[in-house]
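# Results of the structural survey
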Amino acid sequence: MDCIMTNAKDINDAAKALKFARDQCHYWGNHTMTLAEMEQLYNEKKNTLVEAGSYTSALAPGPVKVPHDFYEEQLISAKNGKFHYHVGDCFAFGCVGYWAAVVIMGTLANMIRIMNPKFYDVFGFKRVTWIRKHMTLPASIGTKHQSPWRFLCFSLYFPTRGQSLIILGAVGMNIASIVAFLGTKGPTPLTWSSHSDRVLHYLANRTGIIAFGHIPLLVLFSCRNNPLIYLTGWPYNTFMIYHRWCARFMGIHAVIHSVAIYWTSFNEKTVLLKWRNVHNWQAGNIATYMAILMLILSLRQFRARFYEFFKATHIVMFWIFIVCVVVHCSDYGWLGWIWASFVFYGIEYAGRIARMILSGGFQEAEFITHDPNSGLYKIKVEPGKRRWNVRPGCYVYIMICDKDLFWQFHPFSVFQSFNEKDDGSLYFCCKAQDGITRKIVQKLVASGGSFKRKVLIEGPYGQGNYVTEYDSVLLFAGGVGFSAMYAYAVKMMDRLKPNQHLCLIWVIRDVRNIRIAQKEVNHLYKNHGHTCDFRIYITRADNLCGWGTDSDIYSDPAGIQSAHESRSIESPNNSGVEVESNRVPNNEVVQNEKDKSSESSSDNNSSKNIIKVEVDSDGSDTRSDESDTSNNNYYSMAEMNSAPDAAIAAAVARVSQMHTSLKRSTQISSKVEVTERDIMELGENHHLINNVTFERPNIPEVVADFIKTASGTKSVVSCGPPMFVDNIREGVIRSIFESDERIDYFEDAFSW
């Protein structure tokens, strides 16, 4: 107190210093004094002060008067410490400023693209295209962006190069914030034993503050109602990538802060004292442990495998972390960063509740599956009191009011029925994976293929893409990704301009997968078949049981030859159906099979007669009657007779063409077994014969052909499994210079 009263500039300066001394007494000694008590104590003892060095005993006989030179030396040391607090503040605001600059640039680019799409061509079309081909569109390493790289037991996911450049700038900013101005010269404070302790304290102080600066960023970027999504035009997936990296930066700074403080406390031999008595120390350690745990459990392989557990624990640990951070810094300050995070969090959940209300609150939904073995099902939600219209590219989160599925919100692409008999119901096409989607299929199986439940819809989210503004559009759908692409196709067809062209490609594993979107497929064919180039690729027509994996629709795309030569043939009974085939089935074969069916139907044996068609490598087929008592997936001959002859014959011809395509792959055997069920499925959809191809498409070739032949500005949009969309991206990158007009690529993808 003598130092304060002797060297203070004025009474206000002295009062501020005395308050600091009082807080330190409370922090370290758990003893609180009022300013009046401190002043009284000083007045009582100031006359008993002894000069430093004037005594020979180990203990001073009374309070020691601090020499002025020593005071000046420690004042310099204190100013150095305060400087590093300011450095931490500056770098924390600098990190926020960096991301603010990135968002501002993204917003400007988005506004320019909307108002004048050809603005960037002023800088030279080829130059801009080169930048996009090599610096923004490709994956950071190789061709994998949505699909993982395998390293030991880890799955590594890499952003695009454009995203990587932004992240690289943030990495540089954070490295600079750690090492810059760290070697400050000057005397060592009295409370620290060495120069290294001083450096560690300075490092701990600044990294703790910088960690605080990242908390509002990671909260904002994780919000579904983030306004920056609409300003920049970036999808939620992009902001989730930045969210994870901001969380990593925050975690690294927090760990450095904790380790540095722990090391200096160990040197001071005060670790146990702080664990027992200092609540700031206890809360800070717990907050660091929570941050490390969240980062570990957020690894993709864990997050994807145990998503429900990850989501619940992530929220709980985040709130434990926030509470501990508030307690940790309750005596120090910098809580403004936390209050900003609370504001973002509050706005986010207010937005979610508002979207639920605008979506009509609790509504009844019907869950339907035509084939539980496929793992595919559809959800239908009546219009109810919904106060928004479906737009292409939007998605919603659904919570199912069921004791086994409650409190689990999952995202689904949504589209609206265009059936005149339907009054605007919402539809969702889904495929069972793990967790809630698999439980739904199990309930469908137990309930006979359909059931109804109350659901709560949160949405819509997603701003869609401006694909309808392009002259030529190529839509790629993989599996249930058809629901997203179908909405784009219908919107574009309803407003199609004379010079616009649309191609929709749907890649599925099995003929029966068409059932999941039967009405929508028929709508496209009947109402827009003359304006929309609609193609369906079926990659595994012989797969009749088991859910399998989505890899069947995109694996080894480059190794599959594209469609072989086709010719127009006339189906039996002069139906005039054009079929792409290398072999024409004749009426005699079909009639012979019908005769066999008639004979077998009069047999008293209860078993079903089934037919298998094996297409040999030379294009011929062999047929054999077999007995089936296992209730398998084959149709009986009597059921087959109910299909039109022309449709059955055309389907058989397509099966032959399928074999010719697939046998070129080293992964497919020389004989492809095609069951009667495949034939019947196409028989029921015989109007789609010309739209269906039995092979895996060579995606880069399809994209290249589209870019070379289509006119005007072009866009390619994809929605499907990871490897599927990665191959589409690669196809666009390879052929981007093949067009004199701009080509844009968009992905409709969820991120969690």
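Everything that follows concerns the structure shown earlier in this document.
An account of the accompanying structure is given in this report. Residue positions are counted from 1 within each chain, in the order its sequence is given. Confidence filtering applies because this is a predicted model: local features only for residues at pLDDT of at least 70, side-chain atom pairs given and counted only at 80 or more, and all residues used for totals across whole chains, interfaces and linings. Each side-chain value is worked out from all heavy atoms of the structure, with water and hydrogens disregarded.

### Re the overall build of the protein chain
For helices the rule is a DSSP run of H or I covering at least 4 residues; for strands it is a run of E covering at least 2, with both sets numbered from the N terminus onward. On a plain count of helices and strands, the protein chain comes out with 23 helices and 20 strands. Here the term buried applies to any residue with accessible area under 20% of the maximum for its type, exposed to any over 50%, and partly exposed to those in between, with areas from a 1.4 Å probe on protein chains only. In the protein chain, which comprises 752 residues, the share counted as buried stands at 50%. Sequence separation of 24 or more characterises 73% of the internal contacts of the protein chain that already satisfy a separation of 6 or more. Under the convention used here, a 1.4 Å probe and the Shrake-Rupley method define accessible areas, while residue burial counts only the protein chains that appear. Counting every atom, the protein chain has about 36100 Å² of accessible surface; 58% of that belongs to carbon and sulfur. The criterion used for residue contact is that any of the two residues' heavy atoms lie within 4.5 Å.

### Focus on the packing of helix H13 (residues 307-328) against helix H14 (residues 336-358)
H14 packs onto H13 with a crossing angle of 150 degrees between their chain directions and a minimal axis gap of 11 Å. Taken as a pair, H13 and H14 cross one another with a handedness that is left-handed. Taking contact as the criterion, the partners of Ile 315, Phe 318, Trp 319, Ile 322, Val 325 and Val 326 in H13 are, on H14, Ile 338, Trp 339, Phe 342 and Tyr 345. Grouping the amino acids of the contact of H13 with H14 by side-chain chemistry returns ten nonpolar, no polar and no charged. Axis definition: a line fitted to C-alpha atoms, over the contacting stretch in the case of helices. Angles run 0 to 180 degrees between N-to-C directions. Note on convention: near helix rotated counterclockwise from far helix by under a right angle means a left-handed crossing. Clockwise means right-handed. Any residue that is not Ala, Val, Leu, Ile, Met, Phe, Trp, Tyr, Cys, Pro, Asp, Glu, Lys or Arg is counted as polar, Gly included; the first ten are nonpolar and the last four charged.

### Some thoughts on the sheet that holds strand E12 (residues 472-478)
Strands pair in a sheet through their backbones, by hydrogen bonds, and they do so in one of two ways: parallel or antiparallel. With parallel pairing, six strands are arranged side by side in an open sheet as E18-E14-E13-E12-E19-E20. Edge strands, defined here as strands with exactly one partner in the open sheet, are strand E18 (692-693) and strand E20 (743-747). Across the face of the sheet, helix H22 (residues 699-709) comes into contact with E12, strand E13 (501-508), strand E14 (532-538), strand E19 (714-719) and E20 while running at roughly 165 degrees to E12. A pair of strands is labelled paired if DSSP reports no fewer than 2 bridges between them.

### Topic: the pairing of strand E6 (residues 376-381)
Most of E6 sits inside the fold, with six of its six residues counted as buried. Side-chain alternation along E6 places Leu 376, Lys 378 and Lys 380 on one buried face and Tyr 377, Ile 379 and Val 381 on a second face that is also buried. Here four bridges tie strand E5 (residues 362-368) to E6, and the two strands are oriented antiparallel to one another. Among the inter-strand pairings, Glu 366 is bridged to a residue of E6, identified as Lys 380. In terms of strand pairing, E6 meets strand E10 (residues 426-431) through six bridges, oriented antiparallel. Residue pairing across strands places Tyr 377 opposite Cys 430, the latter belonging to E10.

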